[in-house]
Amino acid sequence: MASPSSPLAVRGIRGNDLPAYVSNGLIGLRVCEVPLVPGSAILNGVVGLYPEEPLEAAIPVPYPLCGDIGIGEAWMSEQPWAVSELEQSYDFSAGELNSSFLFRVGEKAVLARIITFASRSDPALVLQQLELSSEAACEVRLRAMIGTAHARGHVGRRMIGAEAQPGDGALLWIPEGEMSCCGIAFASQCTNTREEPVIQQKHGSGPLIKEYRVTLKPGKPVRLQQVTAMIPSIVHHRPDEEAVRRLAKGLALGFDRLRACNREQWDEIWQGRIVVEGANSHHQRLIDAGFFYLNSSAHRSSPAATSMFGLASWPGYNYYYGHVMWDIDAFCVPPLLLIQPGAARSLLDFRARHVGAAKAYAKLDGHGGLRFPWQAAPRSGEEASPGPGPAAANAAHVSLHVARAFALHADATGDRRYLRDHGWPILSGVADWLVDRMSTTENSMKLLRANGPAEVPDPPDNDSFTLMTACDLLRRTIRLARSIDAEVPVSWHGLLDRIRLPVRSDGVIASHENFRVNEEKGATPSPLAGLFPMHYPASDRESKATLDFFLKRWRDYVGSPMLSAFYPVWAAMAGDRGLALALFEQGYAAYDKGRFHQCLEYREDHPDSKVPAGPFMANIGGMLMTMLMGLPGLEISAADPATWGRRRVVLPSGWKSISVNRIWAGGRPMRLVAQHGKECAELVPGSETIHSAVEA
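Please read these numbers as outputs of a predicted model, since none were measured by experiment. (Residues numbered from 1 in each chain as written. Predicted model: local features only at pLDDT ≥ 70, side-chain atom pairs only at ≥ 80, totals over all residues. Heavy atoms only, no water.)

Trainee: An account of the overall build of the protein chain is requested, with residue identities and associated values reported.
Mentor: Counting its regular elements, the protein chain contains 17 helices and 27 strands. A globule of 696 residues ought to have a C-alpha radius of gyration of about 26 Å, and the protein chain, at 26 Å, matches this closely. Expressed as lengths along the three principal axes of its C-alpha atoms, the size of the protein chain is roughly 85 × 55 × 50 Å. Relative to its full complement of 696 residues, the protein chain shows a buried share of 62%. Taking all contacts inside the protein chain whose residues are at least 6 apart in sequence as the whole, residues at least 24 apart take part in 67%. Accessible area for the protein chain stands at about 25300 Å²; split by element, carbon and sulfur atoms hold 48% of it. Taking the 70 positively charged and 74 negatively charged side chains of the protein chain as two groups, their mean positions are separated by 3 Å. (Helix = DSSP H or I, 4+ residues; strand = E, 2+ residues; numbered from the N terminus. Rg over C-alpha atoms; globule rule 2.2 N^0.38 Å. Buried < 20%, exposed > 50% of the residue type's maximum accessible area, 1.4 Å probe, protein only. Contact = heavy atoms within 4.5 Å. Areas by Shrake-Rupley, 256 points an atom, 1.4 Å probe, with all protein chains shown as cover. Lys, Arg positive; Asp, Glu negative; His and termini not counted. Charge placed at Lys NZ, Arg CZ, Asp CG, Glu CD.)

Put into structure tokens, the structure is as follows:
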């Protein structure tokens, strides 16, 4: 396997760019140019009151890897202007962020080199190593700390000394609103200390600090290593005590072994790297970056799925409050099923854990079955969209995507036990709700007042994207029912037989009834999303007419989030390789921004783009679906994966092939090769065992 393309190193201050995003799916950090300065930390499942809206939201917790450097009486934190020669590089192959800077006070200067990473082998841990050197002898003070300054909440309990051993200290943090809490325990170790280190801030609500005094000598650098464990209360009701235990486990392994294990885990994940022969180096770099960020943001240990921006947050934008939205089920689960199925299952587990909330939500509507929320709060799984929440009331497709993700999991993994225990209650519940939600007419079933991806104030009738998704979901649900000997109500068959799409006289599948191309958001290509990734079996005439109609209007939509990443597939389905390449550039690559290729939600030239926000998982997931399924022409099904290739491979201009050394299909490793011009992509068995699929 060729090594992934890491971003180019960056120098100087970031300006308007976002800080680096370092995550393992349980802990997410925004790491500043000087990593000792507190950035932002999100812990999966920890929630509080959002500052500007009285709602349950994922909010930052104390930053776990703070530090400081002092020369004489001058501390870097008090004189940040004394820092210069900033440089950062990100090693995507190992998930390690490398930073360096010079701190100068008078004639004395020290060079700091810092490695920061979030452990994938022990996901409760984040680690940092500071290496300090000087060209002249220099007395220096170093601090390792848990920073509480920028987190809203208070310390409920502190542990110092024997209680925290073998670590330096621990605290119980309670975010504002007291809806959850988390435990944080840290330990540090420094070489060449002159005297016994001192623990400061033993009481009160301030930071936990451990201070060292060292003597720097030319050619003899000093290292300060920090290891911090973070535990959300969603997984343990006394999380500070569990954080101490997890920290002890990590310290027993040691920093170097934890670093090696993290690299091994990333080596395993990168077996799924997507390699495009013929693509330019910039496009390959962006594909690698998207692969990295999605895999960074999900882990088999993730207790509360992941959000639209993974575990990233930064002041100036709401980041959708860290809520779990339908985009995760529709855009992130499918590629993860093929490259990291254990992480995909953790996203599904979140939905399965909150079936009760979905049942209650449907019942409030006067319907049976299950209706999942538009913006699910990470802790409760209940609806948490701000204000009156019009999208929450009118988006019928949300529940369909949740259920469809469980159907895809059953086919991609072959795990019938999980289907019976967790998937079937959701598949059957959503199918029952859909029957109730539809309205009966003389010859068909109508979906009244429901938005698709185009969210408009006055929802239309018979949204085609929702109906096309419903058809795919019902077919899959009925087929999966037979595989586990479950009952199939007659009403499901009746609904499937009576769904009718709004089709114009020229054969174009309209976005909805009474569709006008000049209406608000009329260029939204939702019928194309019904063709892929929903695989609606439209006639050749309807497919061609619909592709031609909406592809001509791509300029009126591209720049928006989500569906733009699918345009290369639709252009390829129309046979236009040149347009497919142009739309990869305009519909994905142009969303790239600043440091380390953090794909933005909106393209910067879009009128709705106000504050750059990324990495945006729906765009990234859409691109990965395009590369893994759309352009190769794969459809996940219960059939032999060797038959998943359903159409001729058409790739963007200049691209010769898409290959993946290992994807997981049908519960076993396969190799994917999609060569331009071939009748279909090839999926051939790999050599690993099914046990590895469970661990992935």
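Right, picking up where we left off after that structure.
Trainee: Can you tell me about the pairing of strand 9 (residues 83-91), naming the residues and giving the values?
Mentor: As a general feature of sheets, a regular strand has side chains that alternate between the two faces. Sheet analysis places strand 1 (residues 10-11) next to strand 9, joined by 2 bridges and oriented antiparallel. Residue pairing across strands places valine 10 opposite glutamine 88, the latter belonging to strand 9. Bridging between strand 9 and strand 10 (residues 96-105) involves 7 bridges; their strand directions are antiparallel. In the sheet register, valine 83 faces strand 10, and the bridge partner there is phenylalanine 103. Where strand 9 hands over to strand 10, the hairpin turn is made up of 4 residues, of which glycine 95 adopts a positive phi near 65 degrees. (Pairing = 2+ DSSP bridges.)

Trainee: Help me get a handle on the sheet that holds strand 17 (residues 198-200), residues and values and all.
Mentor: Strand order in this open sheet of 5 strands is 8-7-13-18-17, and the pairing throughout is antiparallel. In this open sheet, the two strands that pair with only one neighbour each are strand 8 (74-75) and strand 17.

Trainee: I'd love a proper account of unusual backbone geometry, names of residues and values included.
Mentor: Omega for the peptide link from glutamine 165 to proline 166 comes to 10 degrees, which places this bond in the cis form. For proline 166, the location among the structural elements is in the loop between strand 14 (153-160) and strand 15 (169-175). Proline 533 follows phenylalanine 532 through a cis peptide bond whose omega is 15 degrees. Along the polypeptide, proline 533 turns up in the loop between helix 12 (526-531) and helix 13 (540-551). Notably, phenylalanine 596 is not glycine yet its phi reads approximately 65 degrees, a positive angle.

Trainee: Tell me about the pairing of strand 15, and please be specific about residues and values.
Mentor: Of all 7 residues that make up strand 15, 7 are buried, and the element is covered over most of its length. Across 5 bridges, strand 15 lies against strand 16 (residues 182-190) in antiparallel orientation. For glycine 169, the partnering residue across the bridge sits in strand 16 and is phenylalanine 186. In textbook terms, the turn of a hairpin is the stretch between consecutive antiparallel strands, and for strand 15 and strand 16 this stretch comprises 6 residues, one of which, glycine 177, has a positive phi near 105 degrees.

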